[in-house]
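For reference, the chains in residue letters:
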Amino acid sequence: MNNEMTRVFPIYAAAFAIIYVIVEQQNLPLFTYHPRQGQFGWLRELSAAPNAPAMHWFGWIFTSLIGAGVVSLAALPLVKGREPPAWIGWAIPLAVMIVFVFLFRNFFLPR
Amino acid sequence: MITTLLILHGLIAVALLGGITHQTMAACWPARNNEGFVASFRAVNGARYTNANIVLYIVSGVLGAVIYPTYRLMVTPYLLNARLNATNGGFELKEQFVAVGLGMLPLYWLVWRKPLEPKYASARAATTAILCFIVWYSFLIGHILNNVRGLR
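Below is a summary of the structure that appears in this document. Quantities reported herein were computed from a predicted structural model and do not represent experimental measurements.

**Quick word on the overall build of chain B**
In step 1: When helices and strands are counted, chain B shows six helices and zero strands.
In step 2: Its C-alpha atoms give chain B principal-axis dimensions of about 50 × 30 × 30 Å.
In step 3: Taking all 152 residues of chain B together, 49% fall into the buried category.
In step 4: Within chain B, counting contacts between residues at least 6 apart in sequence, those at least 24 apart form 73% of the total.
In step 5: For chain B, the accessible surface area stands at approximately 7,300 Å², while carbon and sulfur atoms represent 66% of it.
In step 6: When the 12 basic and 4 acidic side-chain charges of chain B are each reduced to a single mean position, those positions are 3 Å apart.

**Concerning the nonpolar core**
In step 1: Among the nonpolar cores identified, the biggest contains 63 residues, and Tyr20, Trp57, Phe58 and Phe100 of chain A together with Tyr57 and Ile134 of chain B are the most heavily contacted of them.
In step 2: Secondary structure elements with two or more residues in this core: helix H2 (9-26), strand E1 (31-34), helix H3 (57-79) and helix H4 (88-103) of chain A together with helix H1 (2-28), helix H3 (50-74), helix H5 (85-111) and helix H6 (121-148) of chain B.
In step 3: Broken down by element, the residue count for this core peaks at 12 residues, all from H5 of chain B.
In step 4: Residues within four places of Phe58 of chain A in sequence aside, it is in contact with Phe31 and Tyr33 of chain A together with Ala65, Tyr68 and Pro69 of chain B.

**Quick notes on the interface of chain A and chain B**
Much of the literature gives interface size as the accessible area that the parts lose upon coming together.
In step 1: Contact residues are listed per partner, giving 35 residues for chain A and 33 residues for chain B.
In step 2: When chain A packs against chain B, the two sides together hide about 3,000 Å² of surface, and 79% of this comes from carbon and sulfur.
In step 3: Area buried by chain A at its contact with chain B is led by Trp57, Met97 and Phe107 of chain A, which between them contribute 21% of it.
In step 4: Seen at the junction of chain A and chain B, the total is one salt bridge.
In step 5: Residue Glu83 of chain A pairs with Lys119 of chain B through a salt bridge whose shortest N-O separation is 2.8 Å.
In step 6: At the boundary of chain A with chain B, the tally comes to five residue pairs in polar contact (both at pLDDT 80 or more).
In step 7: For the side of chain A that touches chain B, the secondary structure elements donating two or more residues are helix H1 (3-6), H2, H3 and H4 of chain A.
In step 8: Split by residue class, the side of chain A that touches chain B holds 27 nonpolar, four polar and four charged.

**Here's the deal with the environment of Tyr20 of chain A**
In step 1: Summarising the element assignment, Tyr20 of chain A is placed in helix H2.
In step 2: Taking relative accessible area as the criterion, Tyr20 of chain A reaches 0% and is therefore assigned buried.
In step 3: Here the alpha-carbon distance between Tyr20 of chain A and Ala91 of chain A, two residues 71 residues apart in the chain, equals 15 Å.
In step 4: Once residues within four sequence positions are removed from consideration, Tyr20 of chain A is found in contact with Trp57, Trp60, Ile61, Ser64 and Phe100 of chain A together with Glu95, Gln96, Ala99 and Val100 of chain B.

**A look at the pattern of salt bridges**
Note on pairing: side chains with opposite charge can pair once their charged atoms come close.
In step 1: Counted under the stated rule, the structure contains four salt bridges over all chains.
In step 2: The residue Glu92 of chain B makes a salt bridge to Arg72 of chain B at a minimum N-O spacing of 3.0 Å. Taken together, the residues span a long stretch of sequence, with Glu92 of chain B in helix H5 and Arg72 of chain B in helix H3 at a distance of 20 residues. No difference in accessibility class separates Glu92 of chain B from Arg72 of chain B, as the two residues are buried.
In step 3: Among the ionic pairs, Glu95 of chain B bridges to Arg72 of chain B, the shortest N-O distance being 3.9 Å. Placement of the pair is Glu95 of chain B in helix H5 and Arg72 of chain B in helix H3, with a sequence separation of 23 residues. Residues Glu95 of chain B and Arg72 of chain B agree in their burial class; the two are buried.
In step 4: Through salt bridges with shared partners, a single ionic network connects Glu83 of chain A together with Glu117 and Lys119 of chain B.

**Description of H3 of chain B**
In step 1: For H3 of chain B, spanning 25 residues, the distance from its first C-alpha to its last is 35 Å, which sits close to the expected 36 Å at 1.5 Å a residue.
In step 2: Of all the bends in H3 of chain B, the greatest, near 35°, is centred on Ile67 of chain B, and the proline Pro69 of chain B appears no more than four residues after it.

**Notes on the packing of aromatic side chains**
Centre distance and the angle of the planes are the two values used to describe a pair of aromatic rings.
In step 1: Tallied over the entire structure, the rule returns 21 aromatic pairs over all chains.
In step 2: Ring geometry for Phe100 of chain A against Phe104 of chain A: centres 5.8 Å apart, planes inclined by 80°, an arrangement best described as edge-to-face. Take Phe100 of chain A and Phe104 of chain A: they sit in the same class, and that class is buried.
In step 3: Following the ring pairs from residue to residue traces out a cluster consisting of Phe31, Tyr33, Phe40, Trp57, Phe58 and Phe62 of chain A together with Tyr68, Tyr71 and Phe91 of chain B.
In step 4: If you follow Arg42 of chain B out to its NZ or CZ, it ends over the ring of Trp29 of chain B, 3.8 Å from the centre.
In step 5: In this structure, Arg149 of chain B packs its charged tip against the face of Tyr78 of chain B, placed 4.8 Å from the ring centre.

**Re unusual backbone geometry**
In step 1: In this structure, the amide linkage connecting Lys114 of chain B to the following residue, Pro115 of chain B, adopts the cis form with an omega of -5°.
In step 2: Mapped onto the elements of the fold, Pro115 of chain B is located in the loop between H5 and H6.
In step 3: Backbone geometry at Asn27 of chain A places phi at a positive 55°, although glycine is not the residue there.
In step 4: Assignment of secondary structure puts Asn27 of chain A in the loop between H2 and E1.

Thresholds applied
- Residues numbered from 1 in each chain as written.
- Chains lettered and ligands numbered in written order.
- Predicted model: local features only at pLDDT ≥ 70, side-chain atom pairs only at ≥ 80, totals over all residues.
- Heavy atoms only, no water.
- Helix = DSSP H or I, 4+ residues; strand = E, 2+ residues; numbered from the N terminus.
- Buried < 20%, exposed > 50% of the residue type's maximum accessible area, 1.4 Å probe, protein only.
- Contact = heavy atoms within 4.5 Å.
- Areas by Shrake-Rupley, 256 points an atom, 1.4 Å probe, with all protein chains shown as cover.
- Lys, Arg positive; Asp, Glu negative; His and termini not counted.
- Charge placed at Lys NZ, Arg CZ, Asp CG, Glu CD.
- Core = buried A, V, L, I, M, F, W, Y, C linked by side-chain atoms within 4.5 Å.
- Buried area = accessible area lost by both parts, 1.4 Å probe.
- Salt bridge = Lys/Arg side-chain N within 4 Å of Asp/Glu carboxyl O.
- Polar contact = N/O pair within 3.5 Å; in protein donor to acceptor, adjacent residues only side chain to side chain.
- Nonpolar A, V, L, I, M, F, W, Y, C, P; charged D, E, K, R; others polar.
- Expected span 1.5 Å × (residues − 1).
- Bend = angle between axes of the 7 residues up to and from the residue.
- Phe/Tyr/Trp six-rings, centres within 6.5 Å; stacked < 30°, edge-to-face > 60°.
- Lys NZ or Arg CZ within 6 Å of the ring centre and 35° of its normal.

This is how it looks when you write it as structure tokens:
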């Protein structure tokens, strides 16, 4: 693979993690899946009934894949001259994982 | 059918566990010789595992995604009714961790690309260790959930 392209991989990993946590918190899926009906719908759709949940996780992933791809393409000219530090590609996703633990803390705290 | 997919998902996860754990040990705690069980476990050529681990991660994720709708319909309501909040939250965290790991795969491939570049040594160890944690966490949570309430 082209070296110029691979230089953005740390940026891609960091951008994906940041975009994903925002997309998950704001609920911005590219599409919604309704497992009871077996149907897809564009963007965010609500549950059709209490026993028919709407699934957004697949859509969050695709929103993040596209978003990180756009950020990486935009960063390509910037990385031609110098390589971005590789640590951003693991430190930021690690930080996002810790943020998720904090955001989901109520599942684990006694009520 | 769903049970078959779940078993396949589990078997692929076991293969991934083995590969990523070997590679993490090789990156974070390299062995000087291969004498003894622990040293042999660490003394593998980590780079050889990269492509297989990427394929296994993606295949395992796709299989998990295929099973996931059945889980949402059959297991999640049970967990909510039984007020098994920690178990439910464990799975909610798993899906976020797996997604974050997916975004790290291109970097993981880069840092393990041959010839191994010394400048990526710390990133190689950190990226592999994080993915290893995600895989272990996901495996254990999946196993616990299957014990609490299997897909049927």
